[in-house]
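Residue strings, one per chain:
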Amino acid sequence: MSELVIENSPLPYESRLDERALSAIDLVVIHCTELPDLAMAREFGERIRHDRSQTGNSGHYYIERDGRVHQYVAASRAANHTFGYNARSLGIELVNLGRYPHWNDSHQQTFGEPYPQPLIDALRTLLRLLVDQLPSLTWIAGHEELDRRLEPASDDPTILLPRRRDPGPLFPWDTVMEGMPLRRLIAGQ
């Protein structure tokens, strides 16, 4: 396994996120930022969205297009990244445009940016590192596979669209999963 450098960049509210035992983590959820760059993803992650806890929505790890990895939330904290799965999972965000900036427009649901090889290589290395560090880590899923809620389209509220489509149809699952000791999770497991 090649050496992976992870830049630790904790979010300002990290200490307010729920603590958990590392043994509680059995799932990795793959996301894409659906934003142009890491700076915008960081700004989004720093926004307070939960009044009671004074925390926001963020993954644990962020991987840039060139393969650089940043950790925004410690694994021992439950980040707010996948509705219903936060207590048991780690969120990995991949910098990718996704449907940006028309997330909810019914005519703009296509993902057009492929995932570059340095990003995929870093993801595979990170996944292997996490499997080595967390013996209970068994499952992997895409955000779109777990959050199946629908919401009205911004251009026509009579059309219901999936809230989440990431990591999207261009994500190379076969390449990522090759030789990986994780199993794909089916929603509800």
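On a predicted model such as this, the values are computed, not experimentally measured, just so you know. (Residues numbered from 1 in each chain as written. Predicted model: local features only at pLDDT ≥ 70, side-chain atom pairs only at ≥ 80, totals over all residues. Heavy atoms only, no water.)

Peer 1: Would you explain the overall build of the protein chain in this entry?
Peer 2: From N to C terminus, the protein chain includes four helices and nine strands. For a compact globule of 189 residues, the expected C-alpha radius of gyration is about 16 Å, and the protein chain comes in at 16 Å, within 12% of that figure. If you line up the protein chain on its principal axes, its C-alpha atoms span 45 × 40 × 35 Å. Put simply, the protein chain has 189 residues, and 49% of those count as buried. In the form shown here, the protein chain has an accessible surface area of approximately 9200 Å², with 51% of it arising from carbon and sulfur atoms. Within the protein chain, the 27 negative side-chain charges are centred at a point lying 4 Å from the centre of the 20 positive side-chain charges. (Helix = DSSP H or I, 4+ residues; strand = E, 2+ residues; numbered from the N terminus. Rg over C-alpha atoms; globule rule 2.2 N^0.38 Å. Buried < 20%, exposed > 50% of the residue type's maximum accessible area, 1.4 Å probe, protein only. Areas by Shrake-Rupley, 256 points an atom, 1.4 Å probe, with all protein chains shown as cover. Lys, Arg positive; Asp, Glu negative; His and termini not counted. Charge placed at Lys NZ, Arg CZ, Asp CG, Glu CD.)

Peer 1: Please explain helix α1 (residues 38-46) as it appears in this structure.
Peer 2: Residues separated by three or four positions in an α-helix point in the same direction, a consequence of the helix having 3.6 residues per turn. Burial in α1 covers these residues: L38, A41, R42 and G45. Buried positions in α1, seen along its axis, are confined to an arc of 100° and lie on one side of it. Its buried side turned inward, α1 meets β3 (61-63) and β4 (69-71). At the N-terminal boundary of α1, the capping side chain belongs to D37, with an oxygen 3.3 Å from the backbone nitrogen of A39. (Arc of directions from axis to C-beta. Contact = heavy atoms within 4.5 Å. Polar contact = N/O pair within 3.5 Å; in protein donor to acceptor, adjacent residues only side chain to side chain.)

Peer 1: Please explain helix α2 (residues 117-133) as it appears in this structure.
Peer 2: Compared with an ideal rise of 1.5 Å per residue, which puts 17 residues at 24 Å, α2 spans 24 Å between its outermost C-alpha atoms and is within 8% of the ideal. The set of residues buried in α2 consists of L119, I120, A122, L123, R124, T125, L126, L127, L130 and V131. (Expected span 1.5 Å × (residues − 1).)

Peer 1: So what exactly am I meant to see when it comes to the packing of aromatic side chains here?
Peer 2: Throughout the structure, instances matching the rule amount to four aromatic pairs. Plain terms: the ring middles of Y100 and W103 are 5.6 Å apart, the flat faces sit at 70° to each other, and that makes the pair edge-to-face. Assessed through its relative accessible area of 30%, Y100 is described here as partly exposed. Judged by relative accessible area, W103 falls into the partly exposed class, the value being 33%. Put simply, the rings of Y115, F171 and W173 touch in pairs and so form one group of aromatic residues. (Phe/Tyr/Trp six-rings, centres within 6.5 Å; stacked < 30°, edge-to-face > 60°.)

Peer 1: Hey, could you run me through the pairing of strand β2 (residues 27-32) in this one?
Peer 2: As a general feature of sheets, a regular strand has side chains that alternate between the two faces. Of all six residues that make up β2, six are buried, and the element is covered over most of its length. Taking every second residue as pointing to the same face, both faces of β2 are buried, with L27, V29 and H31 on one and V28, I30 and C32 on the other. In terms of strand pairing, β2 meets strand β5 (residues 89-94) through six bridges, oriented parallel. The partner of C32 across the bridge, within β5, is L94. Pairing analysis gives four bridges linking β2 to strand β6 (residues 139-142), with the strands arranged parallel. Residue pairing for β6: V29 is matched across the bridge by A141. (Pairing = 2+ DSSP bridges.)

Peer 1: For this particular structure, what's the right way to read the nonpolar core?
Peer 2: Among soluble globular proteins, nonpolar side chains are generally buried collectively. Ranked by internal contacts, the top residues of the largest apolar core, which has 30 residues, are I30, I63, I92, L94, L123, L127 and F171. Residue assignment for this core shows that the elements contributing at least two residues are β2, β3, β5, α2 and α4 (173-177). Examining the composition of this core, we find that eight residues originate from one element, α2, more than from any other. Setting aside residues up to four positions removed in sequence, F171 forms contacts with I30, L94, Y115, I120, L123 and V176. Within the second largest apolar cluster, eleven residues are counted, among which are L38, A41, Y72 and V95. (Core = buried A, V, L, I, M, F, W, Y, C linked by side-chain atoms within 4.5 Å.)

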